[in-house]
Amino acid sequence: MLKTTEYKAYTAGNFRLIPQIQKLPEFLIREMELVAQVLPFKSNSYVVNELVDWQNFQNDPIFRLTFPNREMLSDEHFNILRRAIASGVEKSKLKGLVNRIRLELNPHPAGQMELNIPEINGKKLHGIQHKYRETVLFFPSQGQSCHAYCTFCFRWPQFTGMEGMKIASAEAETLTAYLRSHKEVTNLLLTGGDPMVMSASLLDRIISPLLNSDFEHIQTIRIGSKSLSYWPYRFISDRDAADMLHLFEKVSKSGKQLSFMAHFNNPAELKTKAVKQAIKLIRSAGAEIRTQSPILKNINDSANDWASMWRQQVRLGCIPYYMFMGRDTGAKKYFDVSIESAYKIFREAYSKVSGMSRTVRGPVMSASPGKVHILGINEIGGEKFFILQFIQGRDPAWVRKPFFAKYDPAASWLSDLVPAFGKEKFFWQDEFNKLTGIPA
Ligand SMILES: *Cc1c(COP(=O)(O)O)cnc(C)c1O
Ligand code: SF4
């Protein structure tokens, strides 16, 4: 029998109580507290006791995955805040300052607040997003937090408690009403936060109605989750662990696929006894596990990390799915990897693994017009360029049509790129503008 850990959350208010933290120099703890004023911070007993390598914490990717680091803020922001706190500024003023800094960190990249929100009878359905024809995203209202928070999270404003920063969440009835009248949708993606913070019975209320005959068109129910990495005991020893697995089983017995979209950022997350057992249990319940992660400096910017993750995932029966580019938000600069080096790392890692791992696609930018796949770098007639294509497009007609951007070693996002060969626009830009109202 596996020895289990009791879940304990650490936040900005209590992380000094962690015994391993108490051994660190005071100035470092203060720096972390200061950064945690701006970026949401939450870690937990499993991450602290089973994942972090405390001998080497300053370079440990898992430490950096949840613990704040001074470098995650610009010098300017860090110093403004430090001076304000040193001068004993009152609470409400500090809050105003913190919120102003947050707004300067591009809290809502890729138009995630305004775009893609569907309607029924002219009424906007907040908490549902429908961007690609076949896939609907659902943000269940009780699933908008996580077992720990990633320092790179692109949905970080969700967790700050700031007015107007939350992606609205929704209830099961809204979802069923929408899906009933949208037969083109073949898959539903439950996302958050992390839907695995919900109880099995709450999740059952969302999923079970979709198993009846009105929803023949839904072939796959996906759950996007970091719980295997941050709290594998969710499936082993939590009070309703067995109920959760039973729910997964119910989905597969109904003839649909339950796809567990697991977020793993570093090979260390795949090493514990607990994660291996949790993967086994989920797979035994008839679900498949697909894996994805952004490529992040200081966390996984090496080909060996990726090759070893993919190999270990395949060994454990998981299917490598996406390598993403990090989005331009929050501590982006700290994690920034250029398009060129992401492509090189992907290619090197891909060349090291067998076909079993080559189900993975990447690097991919999940940008406003679509999921843009970086295919390569080439040179013709002295002009160097990137080769790109859509894996998903706001307009399905854009998919898999290669297009070319001027080579730029500093570029790290689609918005940094311009068309190659003297073209004024990419082929999709006018239509993108028409569809979204965003200038191309
Ligand atoms: C990534 C993503 C999907 C899923 O795309 P797949 O290629 O089917 O995995 C769906 N909707 C949005 C908004 C996405 O960003
Ligand atoms: S688990 Fe996902 S949603 Fe939660 S903090 Fe990490 S990246 Fe963000």
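Relevant structure appears above.
Starting afresh in each chain, residues are numbered from 1 along the sequence in its written order. Chains carry letters and ligands carry numbers; both start at the beginning, A for chains and 1 for ligands, and go up in the order they are written. Residue-level local features of this predicted model are given only where pLDDT is at least 70; pairs of side-chain atoms are given and counted only at 80 or more, and the full residue set underlies all totals for whole chains, interfaces and linings. Just so you know, side-chain values use all the structure's heavy atoms and leave hydrogens and water out.

Okay, the pairing of strand β10 (residues 288-295) next. Note on classification: 1.4 Å probe, protein chains only; a residue is buried when its accessible area is under 20% of the maximum for its type, exposed when over 50%, partly exposed between these limits. Secondary structure follows DSSP: runs of H or I at least 4 residues long count as helices, runs of E at least 2 residues long count as strands, and numbering of each begins at the N terminus. Extensive coverage of β10 is indicated by the burial of 7 of its 8 residues. A pair of strands counts as paired when DSSP detects no fewer than two bridges linking them. Strand direction decides the pairing type here: strand β9 (residues 257-263) and β10, joined by 5 bridges, are parallel. Counted as the bridge partner of histidine 263 is glutamine 292 from β10. Here a crossover is taken to be right-handed if, once the strands point away from the viewer, the path from the first strand over the helix to the second is traced clockwise. As a crossover connection, the stretch from β9 through helix α11 (residues 273-284) into β10 is right-handed. In the sheet, β10 pairs with strand β11 (residues 319-325) via 6 bridges, with the strands oriented parallel.

Looking now at the packing of helix α2 (residues 26-38) against helix α5 (residues 75-86). One way to put it is that α2 packs onto α5 with a least axis distance of 10 Å and a crossing angle of 105°. Classed by the angle they form, the pair α2 and α5 counts as roughly perpendicular. Taken together, the residues of α5 that come into contact with α2 (itself represented by Glu31, Leu34, Val35, Gln37 and Val38) are Phe78, Leu81, Arg82 and Ile85. When residues are grouped by polarity, Ala, Val, Leu, Ile, Met, Phe, Trp, Tyr, Cys and Pro land in nonpolar, Asp, Glu, Lys and Arg in charged, and all others, Gly among them, in polar. Looking at the contact of α2 with α5 residue by residue, the class counts come to 6 nonpolar, 1 polar and 2 charged. As a rule, the C-alpha atoms of each element are fitted with a line to give its axis, helices using only the stretch in contact, and angles between N-to-C directions run from 0 to 180 degrees. In these notes the angle categories are as follows: under 35 degrees is roughly parallel, over 145 is roughly antiparallel, 65 to 115 is roughly perpendicular, and the rest is oblique. Residue contacts are counted whenever heavy atoms from the two residues lie within 4.5 Å of one another.

This part covers the environment of serine 351. Among the structural elements, serine 351 can be located in helix α14 (residues 339-351). For serine 351, a relative accessible area of 53% gives the class exposed. When the C-alpha positions of serine 351 and alanine 303 are compared, they lie 9.5 Å apart, and in sequence the two are 48 residues distant. The definition of a polar contact used here is a pair of N or O atoms within 3.5 Å, where within protein one atom must be able to donate a hydrogen and the other to accept one, and adjacent residues in sequence count solely through side-chain atom pairs. Within polar-contact distance, the side chain of serine 351 engages the backbone oxygen of glutamate 348 at 2.7 Å.

In strand β15 (residues 403-406), alternate side chains face the same way, and those of Phe403 and Ala405 are buried while those of Phe404 and Lys406 on the opposite face are not. As paired elements, strand β14 (residues 383-393) and β15 share 4 bridges and run antiparallel to each other. Along β15, the bridge assignment pairs phenylalanine 386 with alanine 405.

Think of it this way: a Phe, Tyr or Trp ring, Trp meaning its six-membered ring, pairs with another when their centres are within 6.5 Å, and the plane angle makes it stacked under 30 degrees, edge-to-face over 60, tilted otherwise. Inspection of the entire model under this criterion finds 36 aromatic pairs. Here tyrosine 322 and phenylalanine 324 contribute two aromatic rings whose centre-to-centre distance is 4.8 Å and whose plane-to-plane angle is 35°, an arrangement assigned as tilted. Residues tyrosine 322 and phenylalanine 324 agree in their burial class; the two are buried. In this scheme, the term charge over a ring applies when either NZ of a lysine or CZ of an arginine sits within 6 Å of the ring centre and within 35 degrees of the ring normal. For arginine 70, the ring lying beneath its charged end belongs to phenylalanine 78, and the centroid distance is 4.0 Å. Above the plane of the ring of tyrosine 321 lies arginine 361, whose end atom (NZ or CZ) is 4.7 Å from the centre.

Looking now at unusual backbone geometry. Omega for the bond connecting glycine 192 with glycine 193 falls within 30 degrees of zero, at 20°, which places this linkage in the cis form. Along the chain, glycine 193 turns up in the loop between β7 (187-190) and α8 (200-207). Cis peptide bonds are those with omega within 30 degrees of zero, and the linkage from glycine 362 to proline 363 qualifies with -15°. Looking at the secondary structure, you find proline 363 in strand β12 (residues 361-366).

Keep in mind these numbers describe shape, not what the thing actually does.
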